[in-house]
Amino acid sequence: MTHTLQEHPLWRGLDRSSRRMLEAMAQTVACSDVPALVGMAQEAVVLGWSANGQALVFDASQPPAGAAARGWLVPCAALRVLVQDQDACRHYLECALAGSGVTGAPVDSHSTDTAPNLGLRAAVGWLLALGLPVLAMVILGDRSDTLAQWLRFLSAISAGLCVWVLGLAPPFVGALLSLLLMMAGNHLPLGQALAGFASGSFFLLLGMFGISVAIQRSGLMQRLLGVLLRRLPHTNRVLQSCLVLIGVVMTLFIPSTSGRLQLVAPMVKVLAQPGNSAALAFAALSGSTLFSTAFLLGNPANFIVLGILPEHWQPHVNWLTWFQCAVVYTLVLGVLLALDVVWGSGARGQDAPAVAEKPAPLPGISSAEVVTAVALACLTLGVALGNVHHIETAWLALFVLLLLMATGVLPLNQLHSDIHWPILIYLVCTVGFARGFTHMGIQDWIVAHVGQLEQLLREAQVYFLLLLGAVVVLLRMVLPAVVCITTLCAVLLPLADAHGMHPLVVGFVVLTASEVWFFPHQSTDYLLFRESLGMPENQGAGMLKRNARIQVCRMAALAVSIPYWHHLGYLR
């Protein structure tokens, strides 16, 4: 019987938010090859299962005899942070690491008691999530006018918001609940509700997730990064610039911020010296996160916006169109970030040569790295020649994914465990929201009843975009980014299209403003990255100050892009 991470005793003891963070940073590993496991990480913990179904917890650098048949590699520092306020889990982890690593009795997944522990908050949340749509159906009865359709739509979206905001379940569960309620209450046709499965953005994201997994697992990215750093002078300014550039390049084809940070964190730890560790960490974090909305493949949320775009716009939006919309934002933010790196290094006198450890010799290139490099070259060539063969990028990405699977570089078990399936399900649901919004005629009702919004969209589009960015930044203080993006784009993109504004511009502003953060609780990526580096609190405070400055620059880059969009005809 194959056991999962969710059946592990440590998982069952964690609270819901800690489980999500653990799932995001856990890396599936094959533990039968002990030397390979020891070489993967020196400061990581493996949670796993032995061949006979026994739960294991052990230090990755010291695997016990008869190591796990299946396991998940987790940074030790980050795991300790997750359990520090949960006494039972902390005690369990300390005892496991202090002993032989073998903990717990054999677990049968069919007999394990996994009943949820519903508290008052969860009970009230589910009562609201399910009660509001039922109440709307009872009160509205068989009414079919636009107002009734709008109220049913709002009740369905409210059910999903209750699940998202109160943390009752993962976001895709709330999205599925809302979609099912639209089908039941608003009689949304099945073809409209599940239009996301026919959307090219779904298959493009699926293919790119698979390709990014192969890039990370094959060792190709680690080799390229190692070769690059060996050939550069090790001054702090050059190292910071290099880490920023590496993050930006990875954003082109790895659609996971946490995945990019996972790749760059070991480099920061190797290069860090007293006095420059915070600067290097900030450079790596900035390069891997700031440009995620500038490139279509840089962020899964970009595909949510792509899926919500009105149907007649979707065939005309590809990675090149997306970057054309973001080019001024990218250039302005890139210049401001470069000035921050140069000024930050010079102001502190940190540009002296850094004495880094002598890097270990690189192993010989493997067949998996060769196949992955060939696959990437095929994808790049296919995208570059798109005007010749007229094949959509989504189908090219799927072809490359099949090539990686056929050659064994991407085994089926990695496809199951490493691809972010919840975000794919969420994408399908958001496309259904957009189709339902149009199908039920809600757009016309909003235009007729919200005159001030219509006036802004028609006569003051520049002020509308500035106001929208400010509203999104304020909403992100209390709401998750995915909630802001889905709700605002589902409502505003059709309205923008109806008033002569390119909906991609509105989607880009919502996306980028939702990525702006000033406080640690707004960015899970920052928290995990900081803890994986073992960064002291005082260095974290310095990073937050620099981050506040660069986030203001981010909003300034958005504002500077508005005249450019007007020049392209995206605004009236």
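Residues numbered from 1 in each chain as written. Predicted model: local features only at pLDDT ≥ 70, side-chain atom pairs only at ≥ 80, totals over all residues. Heavy atoms only, no water.

Describing the packing of helix α10 (residues 200-218) against helix α19 (residues 393-406)
Logical step 1: Between α10 and α19, the least distance of the axes is 8 Å, while the angle of their chain directions is 35°. For the crossing formed where α10 meets α19, the hand is left-handed. Listed contacts from α19 to Gly200, Phe203, Leu204, Leu206, Gly207, Met208, Gly210, Ile211 and Ala214 of α10 are Thr393, Ala394, Trp395, Ala397, Leu398, Val400, Leu401 and Leu404.
Logical step 2: Class assignment of the residues belonging to the contact of α10 with α19 gives a composition of 13 nonpolar, 4 polar and no charged. (Axes fitted to C-alpha atoms, helices over the stretch in contact; angles between N-to-C directions. Helix = DSSP H or I, 4+ residues; strand = E, 2+ residues; numbered from the N terminus. Left-handed = near helix turned anticlockwise from the far one by under 90°. Contact = heavy atoms within 4.5 Å. Nonpolar A, V, L, I, M, F, W, Y, C, P; charged D, E, K, R; others polar.)

Some words on helix α25 (residues 481-498)
Logical step 1: In a regular helix each residue adds 1.5 Å, so 18 residues correspond to 26 Å; α25 covers 26 Å between its end C-alpha atoms and thus fits that length.
Logical step 2: At Cys489, α25 shows its maximal bend, which comes to roughly 40°.
Logical step 3: Burial of α25 is extensive: 13 of the 18 residues sit out of reach of the surface.
Logical step 4: Of the residues flanking the end of α25, it is Gly500, one or two places downstream, whose phi is positive at about 80°. (Expected span 1.5 Å × (residues − 1). Bend = angle between axes of the 7 residues up to and from the residue. Buried < 20%, exposed > 50% of the residue type's maximum accessible area, 1.4 Å probe, protein only.)

A word on the side chain of Asp340
Logical step 1: Within the secondary structure, Asp340 is located in helix α16 (residues 319-347).
Logical step 2: Looking at Asp340, its side chain comes within polar contact range of the side chain of Arg546, at 2.6 Å.
Logical step 3: Contacts of Asp340, omitting those with residues within four sequence positions, involve Phe282, Arg546 and Arg549. (Polar contact = N/O pair within 3.5 Å; in protein donor to acceptor, adjacent residues only side chain to side chain.)

Section: the nonpolar core
Logical step 1: Core analysis: the largest hydrophobic core is formed by 140 residues, its most contacted members being Ile211, Leu465, Val506, Phe529 and Trp565.
Logical step 2: Within the second largest apolar cluster, 24 residues are counted, among which are Leu5, Leu22, Ala26 and Ala55. (Core = buried A, V, L, I, M, F, W, Y, C linked by side-chain atoms within 4.5 Å.)

Description of helix α15 (residues 300-308)
Logical step 1: Of all 9 residues in α15, 9 are buried; the element is thus mostly enclosed.
Logical step 2: Within α15, burial applies to Pro300, Ala301, Asn302, Phe303, Ile304, Val305, Leu306, Gly307 and Ile308.
Logical step 3: You can read the cap of α15 off the contacts: a side-chain oxygen lies 3.1 Å from the backbone nitrogen of Ala301, and it is on Asn299.

Comments concerning the pairing of strand β3 (residues 54-59)
Logical step 1: Across 5 bridges, the pairing between strand β2 (residues 44-49) and β3 is antiparallel. From the neighbouring strand, Val46 faces β3, where its bridge partner is Phe58.
Logical step 2: In this structure, the hairpin formed by β2 and β3 is closed by a connection of 4 residues, where Gly53 is found at a positive phi of approximately 85°. (Pairing = 2+ DSSP bridges.)

Regarding the packing of aromatic side chains
Each aromatic ring pair is characterised by the separation of its centres together with the angle its planes make.
Logical step 1: A full pass over the atoms with the stated rule returns 7 aromatic pairs.
Logical step 2: Ring plane angle 5° and centroid distance 5.4 Å describe the contact between Phe295 and Phe323, whose orientation is recorded as stacked. Of this pair, Phe295 sits in the loop between α14 (277-289) and α15 while Phe323 sits in helix α16, and the two are 28 residues apart along the sequence.
Logical step 3: With a centroid separation of 5.4 Å and 85° between ring planes, the pair formed by Tyr329 and Phe508 is classed as edge-to-face. Placement of the pair is Tyr329 in helix α16 and Phe508 in helix α26 (residues 503-514), with a sequence separation of 179 residues. Here Tyr329 matches Phe508 in class, with each residue buried. (Phe/Tyr/Trp six-rings, centres within 6.5 Å; stacked < 30°, edge-to-face > 60°.)

Observations concerning a nonpolar patch on the surface
Logical step 1: Taken together, the side chains of Leu120, Val124, Leu128 and Leu132 define a hydrophobic patch exposed on the protein surface, amounting to about 360 Å² of accessible area.
Logical step 2: The exposure class of Leu128 is partly exposed, given its relative accessible area of 40%. (Patch = residues over 30% accessible without salt bridge, like charges linked within 9 Å, V, L, I, M, F, W, Y side chains within 5 Å. Areas by Shrake-Rupley, 256 points an atom, 1.4 Å probe, with all protein chains shown as cover. Salt bridge = Lys/Arg side-chain N within 4 Å of Asp/Glu carboxyl O.)

Describing the side chain of Thr289
Logical step 1: Take Thr289: it is sitting in helix α14.
Logical step 2: A polar atom in the side chain of Thr289 sits 2.6 Å from the backbone oxygen of Leu285.
Logical step 3: Aside from chain neighbours lying at most four places away, what touches Thr289 is Thr257, Leu261 and Arg554.

Examining the confidence of the model for the protein chain
Logical step 1: Per-residue pLDDT for the protein chain has a mean of 78; in total, 82% of the residues score no lower than 70.
Logical step 2: Element-level mean pLDDT values for the protein chain span from 40 in strand β5 (residues 102-106) up to 94 in α26.
Logical step 3: The model gives residues 36-41 a pLDDT under 50, and that stretch makes 16 contacts with residues more than four places away or in other chains.
Logical step 4: This model gives residues 100-117 a pLDDT under 50, and the stretch forms 35 contacts once residues within four places in sequence are excluded. (pLDDT = per-residue confidence, 0-100.)

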